[in-house]
Amino acid sequence: MSLSQEKTSPELKVLGACPLDCPDGCSWVVTVRDGRAVRLRGNPDHPYTRGALCTKVSRWLERAGQDDRLLYPLRRVGRKGEGRFERISWDEALDEIAARLEGVVAEHGGEAVWPYWGTGTLGYLQGLEGLPGRRLFNVLGASDHHANICSSAGSAGLKYTVGSPAGLDPEDLAHAGLILLWGTNPLTSGHHVWKFVQAARRNGAHVVAIDPVRTRSAQQADEHLAPLPGTDAALAMGLLNVIVGLGAQDEEYLAAHTLGWEGFRERIAGFPPEAVASITGVPAERIVALGERIARTRPTAIRATQGLQRHAGGGTALRTLACVPGVTGDWALRGGGLSFSTSAHMKLDRAALYRDDLRRRPVRTLTMSRIGDTLLEAGDPPVKALFVIAANPVGSSPDQERIRRGLAREDLFTVVLEQFPTDTVDYADIVLPATMQHEHFDLNDGYGHLYLACNQPAVAPPGECLPSTETFRRLARRMGLTEPALFDSDEELAEQALSSGHPWMAGVTLDRLRKEGFVRLSVPDPFVPYAEGFPTPSGRLEFRSERAAREGHDPLPGYVPPAEVVDPGRAERYPLALVSAASHHFLNTVFGNNPELRRRSGGPVVRLHPDDAAARGLADGQRVRVHNDRGAFEAVLEVSDAVRPGVAASAKGLWAKLSGGANVNAVTGGDLTDLGDGPVFHDTRVEVGDGGAAAVG
Ligand SMILES: Nc1nc2c(c(=O)[nH]1)N[C@H]1C(S)=C(S)[C@@H](COP(=O)(O)OP(=O)(O)OC[C@H]3O[C@@H](n4cnc5c(=O)[nH]c(N)nc54)[C@H](O)[C@@H]3O)O[C@H]1N2
Ligand SMILES: Nc1nc2c(c(=O)[nH]1)N[C@H]1C(S)=C(S)[C@@H](COP(=O)(O)OP(=O)(O)OC[C@H]3O[C@@H](n4cnc5c(=O)[nH]c(N)nc54)[C@H](O)[C@@H]3O)O[C@H]1N2
Ligand code: SF4
Ligand SMILES: [Mo]
């Protein structure tokens, strides 16, 4: 084509949304010229994300065109874990998968099949809750998958206190007088909330970061408290102790809107500031000062995302934190209360999408973060076929070495639907190439605002990539299945999802979504989520929860200590508490193979307080080995007083095979939280030693 033709060829702007596991759910615009995506930018019209993407997704199109993109179905030719494959046709791939699945179901029953879906895309159709394959797996009677990896602990805790993991609209942080950024690092893990924090500040709000590490966000806050990891619930009880000591509880609110205050009040009395100081390592006078500040400021907004619930007591931590605005009555005010995730405010018809009614009998549930143990256990039946969909367990799930051993089982048939040759792909028998977001249709929200988005495909898929929904329609046909629900088109699925009839979905139609790109839920304005009552059994905020008691838990909130962090035996062998939070440069392991972002990340890094480095004779910039009895990874040491003494700070997201063979999950363990069966990534003890001359990638 000549230059003049290129100049005149019309440009097309296609509206879409970022699908990654991030609260922000950015709206984006793809510019298409001659069938090629030439630009991808944030959509300035979106009220929450306002045109800004993040440092990662600004490289989306670069990622889409990376040389290592998977473009064709592959069959393993090497040993499991080696990552050697040959190209095959879709027909061969589907024939082989159909035959192997039928064989497994016939010999071991449907539950021997594990659909293991992750968070690579939060799209309602292509990812979330395993939807693309969920109906097919329901028909086969496959095991259910508990995607506990991210927020199940906090969700379970919040459910007891306020009835739902959903809380205040993050936009309403702008109306808070005091903001507690509690176990959350928004400038890295969802930066769009920051402009609402800043708006509050312009009105005089005070911002406190509570984090064992002085993060980017903590640096920007007015105040930073650095508790020992996993002790936040004790801190919350200490703050309440101060508030009640001042008589600043809202008696009217307590009487009208809460349940179990008397019992909870007695428990609060057991957490005087001095005792809490010795549990948390936060000086008593700082606890008193913050308690007094909460007592005299209305309203207080707690922004607590996933970080602080990745501990043995993580479920109770959120359960207890949500009580603070119950005692002060701040849940009744715009900008008061707690914000964790907005997902439960999205009233799509999930049951209609998932069609779990297609199961002929109840099935067992297998827990995502326990994949290593589960694959190595005998099991009844043992897992014989594993479908990995938008997940990368080798890189992202705990106890890496056990996962590798499980995936290496010769009798296990593993299919991976992927875009890139991840650490997990290396163990696949069959690899199926998946489209990326600008190549397929989806509905998206994110979990940090109240807008639903429609993502339109902007370009044709490269090579032989297919949307996961289409892959499973083809597989169902190949297996000779006839259930009509297995063949619904993407558009039909979207219509079903939007037809819940819930009043908040009024006006949220596919037509409008297509035209406008995103639509705000029809929530009341102003939106004070629990002004009319809480979605708990009693309709009140439940300090005392009969439901918790029935389910075998403490009827009252309080403090459940972390496990490894406070275990004296482990502390002796592994003196450092490791936190491996979100990396600024990757989104989980997505982008972990992007050369520029890897370069910027500096590769695997572990940060230690100067005292801890000196005690080990370690120097800044030195190669070190971070280890415990589960495994080890190599990193470069950064000595920094941003890290609390006794804590080692690293990050998730690097690919093991590009980082010396292991990443941080070589040392994290597979235990589960007190509530919600969540993982305990930040409740890990390690030692850090000289790494010798070993290469660090
Ligand atoms: N850039 C980037 N953004 C991301 C992600 C990413 O990988 N990279 N991941 C996305 C996903 S999947 C999620 S779930 C969210 C997670 O984002 P966040 O909810 O922010 O969770 P984390 O990054 O795990 O931890 C946040 C902070 O909690 C601190 N922390 C750890 N343990 C404790 C504790 O016991 N108490 C307190 N007070 N603080 C603690 C950590 O030091 C860290 O600074 O971010 C999303 N956004
Ligand atoms: N140490 C430590 N580990 C952690 C955490 C931590 O805080 N510390 N955080 C945990 C958290 S919060 C989470 S959410 C998990 C995430 O763990 P996983 O759910 O396993 O997510 P990822 O590692 O991002 O892998 C997702 C994969 O999906 C692929 N993908 C993306 N889009 C699509 C698509 O449209 N179709 C298909 N088929 N594939 C796609 C990507 O290429 C990527 O390889 O990690 C957890 N791991
Ligand atoms: S990862 Fe988060 S901040 Fe970045 S573009 Fe996606 S939604 Fe926006
Ligand atoms: Mo997550």
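- Going by an unreviewed UniProt entry, the protein carries the name Anaerobic selenocysteine-containing dehydrogenase and comes from Actinomadura namibiensis.
- UniProt, in the comment section headed Sequence similarities (unreviewed entry), describes the protein in these words: "Belongs to the prokaryotic molybdopterin-containing oxidoreductase family."

### Section: the overall build of the protein
- When its secondary structure is counted, the protein shows 26 helices and 27 strands.
- Relative to the 2.2 N^0.38 estimate, which gives 26 Å for 697 residues, the radius of gyration of the protein is 25 Å and therefore close to what a compact globule would have.
- Overall, the protein is about 70 × 60 × 60 Å in size when its C-alpha atoms are taken along their principal axes.
- In the protein, once contacts between residues fewer than 6 apart in sequence are set aside, the share between residues at least 24 apart is 76%.
- Surface exposure of the protein reaches about 24600 Å², of which carbon and sulfur atoms provide 49%.

### Quick notes on the site of ligand 3
- Taken together, Cys18, Cys22, Asp24, Gly25, Cys26, Leu53, Cys54, Lys56, Val57 and His192 are the residues near ligand 3.
- Counted by class, the shell around ligand 3 contains 6 nonpolar, 2 polar and 2 charged residues.

### Regarding the sheet that holds strand 10 (residues 223-225)
- Pairing in this open sheet of 5 strands is parallel, and the strands run 10-9-8-12-13 from one edge to the other. The two strands at the open ends of the sheet, each matched to only one other strand, are strand 10 and strand 13 (337-339). Adjacent strand axes in the sheet meet at a mean angle of 20 degrees, parallel and antiparallel pairs treated alike.

### Brief notes about the site of ligand 1
- Residues in close proximity to ligand 1 total 34 residues, the closest being Asp211, Gly230, Asp232, Thr305 and Phe586.
- One nitrogen or oxygen atom from the side chain of Asp211 is found 2.6 Å from an oxygen atom belonging to ligand 1.
- Taking 900 Å² as the accessible area of ligand 1 by itself, protein coverage stands at 98%.
- Counting only elements with at least two residues in the shell around ligand 1, the list comes to helix 6 (186-189) and strand 22 (576-581).

### Digging into the confidence of the model for the protein
- Averaged over every residue, the pLDDT of the protein is 96; residues scoring 70 or more account for 98%.
- Contacts of residues 1-6 to residues separated by more than four positions or lying in other chains number 4 contacts, the stretch itself having pLDDT below 50.

### Describing the UniProt feature "domain: 4Fe-4S Mo/W bis-MGD-type" (unreviewed entry) in the protein
- Within the UniProt annotation, "domain: 4Fe-4S Mo/W bis-MGD-type" (unreviewed entry) is assigned to residues 11-68.
- Split by type, residues 11-68 is 9% helix and 36% strand. Its first and last C-alpha atoms lie 28 Å apart.

### Examining the pattern of salt bridges
- Following the criterion strictly, the structure yields 45 salt bridges and no others.
- Asp488 is the partner of Arg135 in a salt bridge, and the nearest nitrogen-oxygen pair spans 2.8 Å. Separated by 353 residues along the polypeptide, Arg135 in helix 4 (residues 131-140) and Asp488 in the loop between helix 20 (468-478) and helix 21 (490-498) bring together distant segments of the chain.
- The buried category is assigned to Arg135, whose relative accessible area is 5%.
- Of the charged contacts in the structure, one is a salt bridge between Asp357 and Arg355, with a shortest N-O distance of 2.9 Å.
- On the basis of relative accessible area, Asp357 is assigned to the exposed category, the value being 52%.
- We classify Arg355 as partly exposed; its relative accessible area is 23%.
- What you see here is one network of salt bridges that share partners, running through Arg76, Lys80, Glu410 and Asp429.

### Digging into the nonpolar core
- Within the largest apolar cluster, 50 residues are counted, with the highest numbers of intra-cluster contacts made by Trp182, Phe264, Trp331 and Leu338.
- Look past the residues within four positions of Leu338 in its chain and what remains in contact with it is Leu158, Gly167, Leu168, Ile302, Leu318, Leu321, Ala322, Pro325 and Trp331.
- Counting residues in each nonpolar core, the second largest holds 32 residues, with Ile88, Leu101, Ala142 and Ala385 among its members.

### Digging into the side chain of Thr589
- Mapping Thr589 onto the fold places it in the loop between strand 22 and helix 25 (595-601).
- Within the local environment of Thr589, its side chain forms a polar contact with the side chain of Asn392, the two groups lying 2.9 Å apart.
- Aside from chain neighbours lying at most four places away, what touches Thr589 is Asn392, Gly395, Ser396, Gly653 and Trp655.

### Topic: the pairing of strand 23 (residues 605-608)
- Where burial is concerned, the two faces of strand 23 differ: the one with Val606 and Leu608 is buried and the one with Val605 and Arg607 is not.
- Pairing of strand 23 with strand 25 (residues 632-639) involves 4 bridges; the strand directions are parallel. Of the residues in strand 25, the one forming a bridge with Val605 is Val636.
- Taken together, the 2 bridges between strand 23 and strand 26 (residues 647-651) define a ladder with antiparallel strand orientation. Bridge pairing in strand 26 links Arg607 to Ala649.

### Regarding the side chain of Asn444
- Topologically, Asn444 is positioned in strand 18 (residues 442-444).
- Apart from the residues within four sequence positions on either side, Asn444 is in contact with Ala17, Cys18, Pro19, Leu122, Gly123, Tyr124, Gln437, Tyr451, Leu452, Ala453 and Asn455.

### Things to note about unusual backbone geometry
- Omega for the peptide link from Arg298 to Pro299 comes to -20 degrees, which places this bond in the cis form.
- Residue Pro526 is bonded to the preceding Asp525 through a cis peptide linkage, with omega at 0 degrees.
- One can find Pro526 in the loop between strand 20 (518-520) and strand 21 (541-542).
- A positive phi is found at Asp399, a non-glycine position, where the angle reads about 65 degrees.
- Positive phi is not limited to glycine here, since Phe591 has a value of about 80 degrees.

### Structural notes on the environment of Gly448
- Along the polypeptide, Gly448 turns up in the loop between strand 18 and strand 19 (451-455).
- Judged by its relative accessible area of 0%, Gly448 is buried.
- Spatially, the C-alpha atom of Gly448 lies 6.4 Å from that of Pro170, the residues being 278 residues apart in sequence.
- Beyond its immediate sequence surroundings of up to four residues, Gly448 is in contact with Pro23, Tyr48, Pro170 and Thr342.

### Some details on the domain arrangement of the protein
- As assigned here, the protein comprises domain 1 (74-149 + 348-449 + 463-500), domain 2 (153-340) and domain 3 (568-690).
- The C-alpha-based centres of domain 1 and domain 2 are spaced at 38 Å.

Rules of the game
Residues numbered from 1 in each chain as written. Chains lettered and ligands numbered in written order. Predicted model: local features only at pLDDT ≥ 70, side-chain atom pairs only at ≥ 80, totals over all residues. Heavy atoms only, no water. UniProt positions renumbered as here; feature names shortened; annotations may be inferred. Helix = DSSP H or I, 4+ residues; strand = E, 2+ residues; numbered from the N terminus. Rg over C-alpha atoms; globule rule 2.2 N^0.38 Å. Contact = heavy atoms within 4.5 Å. Areas by Shrake-Rupley, 256 points an atom, 1.4 Å probe, with all protein chains shown as cover. Near = heavy atom within 4 Å. Nonpolar A, V, L, I, M, F, W, Y, C, P; charged D, E, K, R; others polar. Pairing = 2+ DSSP bridges. Axes fitted to C-alpha atoms, helices over the stretch in contact; angles between N-to-C directions. Polar contact = N/O pair within 3.5 Å; in protein donor to acceptor, adjacent residues only side chain to side chain. pLDDT = per-residue confidence, 0-100. Salt bridge = Lys/Arg side-chain N within 4 Å of Asp/Glu carboxyl O. Buried < 20%, exposed > 50% of the residue type's maximum accessible area, 1.4 Å probe, protein only. Core = buried A, V, L, I, M, F, W, Y, C linked by side-chain atoms within 4.5 Å. Domains from an automatic or database assignment.

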